[in-house]
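Okay, here's what each chain looks like letter by letter:
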Amino acid sequence: MGAKNWIDKYSPLDVKDVYGQDKALYSLKQFIADFKNQKKKALLFYGPSGVGKTSSVYALANQNNLEVVEMNASDFRDKKNINSVIGAASKQMSLFSKQKVILIDEVDGISGRKDYGGAAALVKLIKESSFPIIMTANNPFDNKFSKLRRKAELVQFNPLDTDAMFNVLKNICEKEGIKYEATALKTLARRSAGDARGAVNDLQIIASENDEVSKEAIDELSERNKLDTMMNALTKIFKTKDEKIALSAFDSVAEDFDQRFLWLDANLPKEYEGEDLARAYDKLSRADVFKGRIRRWQHWRFLSYVNNLITAGIAVSKDEKSKGFVQYKPTGRLLKIWWANQKAAKKKAIAEKIALKTHSSKKEIMKNIEYFKAIFKNDSEMAEDIAEYADLDKEEVEWLKK
């Protein structure tokens, strides 16, 4: 077994090796094949990590002998950097006269501040580009991407289902000559929650330490992974007064800042009382202020303050650490609100487009969205006219038809 990372070693070289994304791949193929006649000159892939957004682009490029010019938007947020890296590439033929595809990964990282101008620069490049531009994002429905959404066709990548994930893992096992129990491999596929990158990494770890992928090997890995769960992070914060230990609590936890706040808010009263609780909530509220400033002004330096306050700040707020056992749980009410906001993101994006074209307020369109849904369900001709006039993409039209 070689030392090469299996994520790279088994990255798909052909789109037929990309599992579970047939609809997205069809959109990608059509877009590249008929780029000159496309109304919109960019695709915006969105969906969770590890589902094939980036690898699909490389697979199709490899299959069609296209050059991929890749940029990670998190590293080049502002107008100057985006223009210097992508500007020339979007207009000039490659050194070897190959056709090319411009891939901009993780556009979520582009700054929203006007003086940075990252998103606006990208919109301008899409208009002027001589080559297909493909962007990837986890959540493209942020307000700062409203103009970008109007210039790009949105294509959704879904989490891989268990069968597709099983096929990915089975294929690697057979190529590497690894013995496996089918039920164990399906368990690994199921536990991956649709993240192929994570599942392949787990498989490589198991295979490097065991003669066979078995239930016992998966359970052993699962036990070790518990060290990095939210439960363990909360234990580090609540059960210690050592700020160094607390500061590292979220280092290996996947949940974003919003989810960390929800977990802390729900479980603080189970651990702290009286003045300890008041001091801890004061730290949490200050962190929330910094979080708001990051979102409004894109002051990324505040990230360290947020982490310090919700880890070490809360840890040292207590006079004595609690010795009792507490079963930490997420708060149902707040999590429901958070998920509802996520689901409403597409609705807001559609309302924004219709409002722009009808000279109405987004709020008014939001109130009357059921009227538009009724049209899209019952009057295909009018729906088609509205979709074209408002620049609605396929995903948005499908949402209105539900």
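Just so we're clear, the structure is a prediction, and the values are computed from it rather than from any experiment. (Residues numbered from 1 in each chain as written. Predicted model: local features only at pLDDT ≥ 70, side-chain atom pairs only at ≥ 80, totals over all residues. Heavy atoms only, no water.)

Draft legend 1. Geometry of the sheet that holds strand 4 (residues 133-137). The strand order across the open sheet formed by five strands is 2-3-4-1-5, and the pairing between neighbours is parallel. With partners counted over all chains shown, the strands left at the sheet margins are strand 2 (67-72) and strand 5 (153-156), one partner each. Between one strand axis and the next, the sheet turns by 20° as a mean value, whatever way the strands run. Strand direction decides the pairing type here: strand 1 (residues 42-46) and strand 4, joined by five bridges, are parallel. Following the sheet pairing, Tyr 46 is matched in strand 4 by Ala 137. Contacting strand 1, strand 3 (100-105), strand 4 and strand 5, helix 2 (residues 22-33) crosses the sheet at an angle of about 165° to strand 1. (Pairing = 2+ DSSP bridges. Helix = DSSP H or I, 4+ residues; strand = E, 2+ residues; numbered from the N terminus. Axes fitted to C-alpha atoms, helices over the stretch in contact; angles between N-to-C directions. Contact = heavy atoms within 4.5 Å.)

Draft legend 2. How the structure looks around the pattern of salt bridges. A complete count under the given rule lists 16 salt bridges for this structure. Its salt-bridge partner being Lys 124, residue Glu 128 comes within 2.9 Å of it at the nearest N-O pair. On the criterion of helical spacing, the pair formed by Glu 128 and Lys 124 is a turn pair, its members being four residues apart in helix 5 (residues 118-128). Among the residues examined, Glu 128 registers a relative accessible area of 35% and is labelled partly exposed. The salt bridge involving Glu 275 is made with Arg 279; its shortest N-O contact spans 3.5 Å. Taken together, the residues Glu 275 and Arg 279, both in helix 14 (residues 274-297) and four residues apart, mark about one turn of the helix. Residue class for Glu 275 comes out exposed when judged on its relative accessible area of 59%. It is possible to trace a salt-bridge network through shared partners that takes in Glu 275, Asp 276, Arg 279 and Asp 319. (Salt bridge = Lys/Arg side-chain N within 4 Å of Asp/Glu carboxyl O. Buried < 20%, exposed > 50% of the residue type's maximum accessible area, 1.4 Å probe, protein only.)

Draft legend 3. The side chain of Thr 311, seen in detail. Structurally, the position occupied by Thr 311 is in helix 15 (residues 302-315). According to the relative accessible area criterion, Thr 311 is buried, its value standing at 0%. Setting aside anything within four residues of it in sequence, one finds Thr 311 in contact with Ile 237, Ala 246, Leu 247, Ala 249 and Phe 250.

Draft legend 4. Molecular detail of the environment of Ile 354. Within the element layout of this structure, Ile 354 appears in helix 16 (residues 332-358). C-alpha of Ile 354 to C-alpha of Ile 369: the two residues are 15 residues apart in sequence and 9.8 Å apart in space. When residues no more than four places from it in sequence are discounted, the contact partners of Ile 354 are Ile 365, Phe 372 and Ala 390.

Draft legend 5. Broad picture of the packing of aromatic side chains. Summed over the entire model, instances satisfying the criterion amount to seven aromatic pairs. Measuring from ring centre to ring centre gives 6.4 Å for Trp 6 and Tyr 10, while their planes differ by 85°; the resulting arrangement is edge-to-face. Of the residues examined, Trp 6 reaches a relative accessible area of 0% and is grouped as buried. Both rings, one in Phe 238 and one in Tyr 272, keep their centres 5.8 Å apart while their planes meet at 65°; by these two values the pair is edge-to-face. One end of the pair, Phe 238, is in helix 11 (residues 230-238); the other, Tyr 272, is in the loop between helix 13 (257-271) and helix 14, and 34 residues separate them in sequence. (Phe/Tyr/Trp six-rings, centres within 6.5 Å; stacked < 30°, edge-to-face > 60°.)

Draft legend 6. Quick look at helix 19 (residues 380-389). All of the buried residues in helix 19 are Ala 383, Ile 386 and Ala 387. Buried residues of helix 19, viewed axially, fall in a sector of 100°; they line one side. Opposite the packed face of helix 19, turned more than 90 degrees from it, sit the exposed residues Glu 381, Glu 384, Glu 388 and Tyr 389. Buried residues belonging to helix 19 abut helix 18 (369-378) and helix 20 (394-401). Phi for Asp 391, located one or two positions after helix 19, is positive at around 60°. (Arc of directions from axis to C-beta.)

Draft legend 7. Just the nonpolar core, in detail. If you look at the biggest cluster of nonpolar residues, it comprises 46 residues, and the most contacted ones within it are Ile 32, Phe 45, Ile 134, Leu 169, Leu 203 and Val 213. Elements represented by at least two residues in this core include exactly helix 2, strand 1, helix 3 (53-63), strand 3, helix 7 (162-176), helix 8 (182-191), helix 9 (196-209) and helix 10 (215-225). With seven residues, helix 7 is the single largest residue contributor to this core. Here Phe 45 is in contact with Leu 28, Lys 53, Val 57, Ile 134, Met 135, Thr 136, Ala 137, Val 155 and Phe 157, once residues within four sequence places are set aside. The next biggest cluster of nonpolar side chains, apart from the first, holds 26 residues, and it includes Leu 234, Ile 237, Phe 250 and Val 253. (Core = buried A, V, L, I, M, F, W, Y, C linked by side-chain atoms within 4.5 Å.)

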